[in-house]
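Coordinate analysis (summary)
Spelled out from the first residue to the last, the chains are:
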Amino acid sequence: MDMKEIRRTAKAYYENLSDEKKGDVDRFFKKMDRNGDGQINLAEFVGYLWNDNNTVLTDPSLFKALDTDGNGNLDRKEAIVLYYIKKSGRALSCKSCDKFLAGAYFSCSQCFFKDSSSIYGICCDCYGKKKFTDHHSDAIFLDNYTLLLQSRSVVHAAPKKKREMALQILKQGLQLASFTGALECFFNGGAGDDDSNCSIM
Ligand SMILES: [Ca+2]
Ligand SMILES: [Ca+2]
Ligand SMILES: [Zn+2]
Ligand SMILES: [Zn+2]
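This text gives an overview of the structure that appears in the document. This one's a predicted model, so the numbers in the text were calculated from it and none came from an experiment.

**A short note on the coordination of the zinc ion (ligand 4)**
Octahedral metal centres with six donors ideally show angles of 90 or 180 degrees, and tetrahedral centres with four donors ideally show 109.5 degrees. For the zinc ion (ligand 4), the full set of protein donor atoms is Cys108 (SG), Cys111 (SG), His135 (NE2) and His136 (NE2), at a range of 2.0 to 2.2 Å. Angles of 99 to 117° at the metal separate the four donor atoms of the zinc ion (ligand 4), which places the site in the tetrahedral class. One chain supplies every donor for the zinc ion (ligand 4), spaced along it as C-x2-C-x23-H-H. Of this pair, Cys108 sits in strand E1 (residues 105–108) while His136 sits in the loop between helix H7 (124–128) and strand E3 (141–143), and the two are 28 residues apart along the sequence.

This is the structure:
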């Protein structure tokens, strides 16, 4: 499992958290660390995720991939990646091979935009080998980067009120004050469209 990208993302995400949210990471870690030795072993990892109803993540190969130094335990730094995966809603596994989707993946765009469906994600290997034949035959699969940009067009097409609602939902989901300015830029069409500062777009 290639965790390089997700690890870098988690680190950047953590650096932008408020002190209060960083405290939340501490609480998360303490809760997982049942015996209080400052390390998370596999049993503590699995136990926590079972209690948390996050069985997608209990895969021992994910634990191994999170354990960067390979000492059989997760320290706080290694556990931040798990915290990020949980909080970002990236706890998804491939619908075909069941492996955790650590990197780029493809998802059915119809299911993605339908609120009654869950995300139907397929890892690049399975997508390349066309192992998604049990899904509805008219499915249009898009990789997650393309889907992100398509989402922008979809939100643009919505009336202003609905667009604002979508932004509110995202803000609540991300719980990240520092992200919201950038989000507004994303959905308002980038720099020059209004009076917000869109330095990153
Ligand atoms: Ca422990
Ligand atoms: Ca370790
Ligand atoms: Zn797969
Ligand atoms: Zn679908």
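Now that the structure has been shown, the text picks up again.
**Some thoughts on the coordination of the zinc ion (ligand 3)**
In the first shell of the zinc ion (ligand 3), the protein supplies Cys94 (SG), Cys97 (SG), Cys123 (SG) and Cys126 (SG), at 2.3 to 2.4 Å from the metal. Taken together, the four donor atoms coordinating the zinc ion (ligand 3) span angles of 101 to 115° at the metal, a pattern that classifies the geometry as tetrahedral. All donors of the zinc ion (ligand 3) belong to a single chain; written as a sequence motif, their spacing is C-x2-C-x25-C-x2-C. Pair noted here: Cys94 is in the loop between helix H5 (76–87) and E1 and Cys123 is in strand E2 (residues 121–123), with a separation of 29 residues, a long-range link. Residue Cys94 shares its accessibility class with Cys123, and that shared class is buried.

**Some words on the nonpolar core**
Core analysis: the biggest nonpolar cluster contains 30 residues, and Met3, Phe45, Leu57, Leu66, Ile85 and Phe100 have the highest contact counts within it. When residues of this core are traced back to their parent elements, those giving at least two are helix H1 (4–15), helix H2 (19–32), helix H3 (42–51), helix H4 (60–66) and H5. Counting residues per element, this core draws most heavily on H5, at seven residues. Counting residues in each nonpolar core, the second largest holds 14 residues, with Cys94, Cys108, Phe132 and Phe141 among its members.

Rules used in this analysis
Per chain, the residues get numbers from 1 upward, laid out in the order the sequence is written. Here chains are named by letter from A upward and ligands by number from 1 upward, in the order in which they appear as written. With pLDDT at 70 or above as the cut-off, local features in this predicted model cover only qualifying residues; side-chain atom pairs require 80 or more to be listed or tallied, and sums for whole chains, interfaces and linings still use all residues. By convention in this description, side-chain values take in all heavy atoms of the structure and omit both hydrogens and water. Each metal's donors comprise the N, O and S atoms found within 2.8 Å of it (within 3.2 Å for Na, K or Ca). Water is not part of the atom list, so some coordination spheres may appear incomplete. Site shape is set this way: if four donors have all angles between 85 and 135 degrees, tetrahedral; if opposite donors are over 155 degrees apart and all others between 65 and 115, square planar for four donors and octahedral for six; otherwise irregular. To qualify as a helix, a DSSP run of H or I must reach at least 4 residues; to qualify as a strand, a run of E must reach at least 2; elements of each kind are numbered from the N terminus. Burial classes follow relative accessibility: with a 1.4 Å probe on protein chains only, a residue under 20% of its type's maximum area counts as buried, one over 50% as exposed, and anything between as partly exposed. In plain words, nonpolar cores are sets of buried Ala, Val, Leu, Ile, Met, Phe, Trp, Tyr and Cys residues tied together by side-chain atoms within 4.5 Å.

In short, the description is geometric, and any link to function would need to be established separately.
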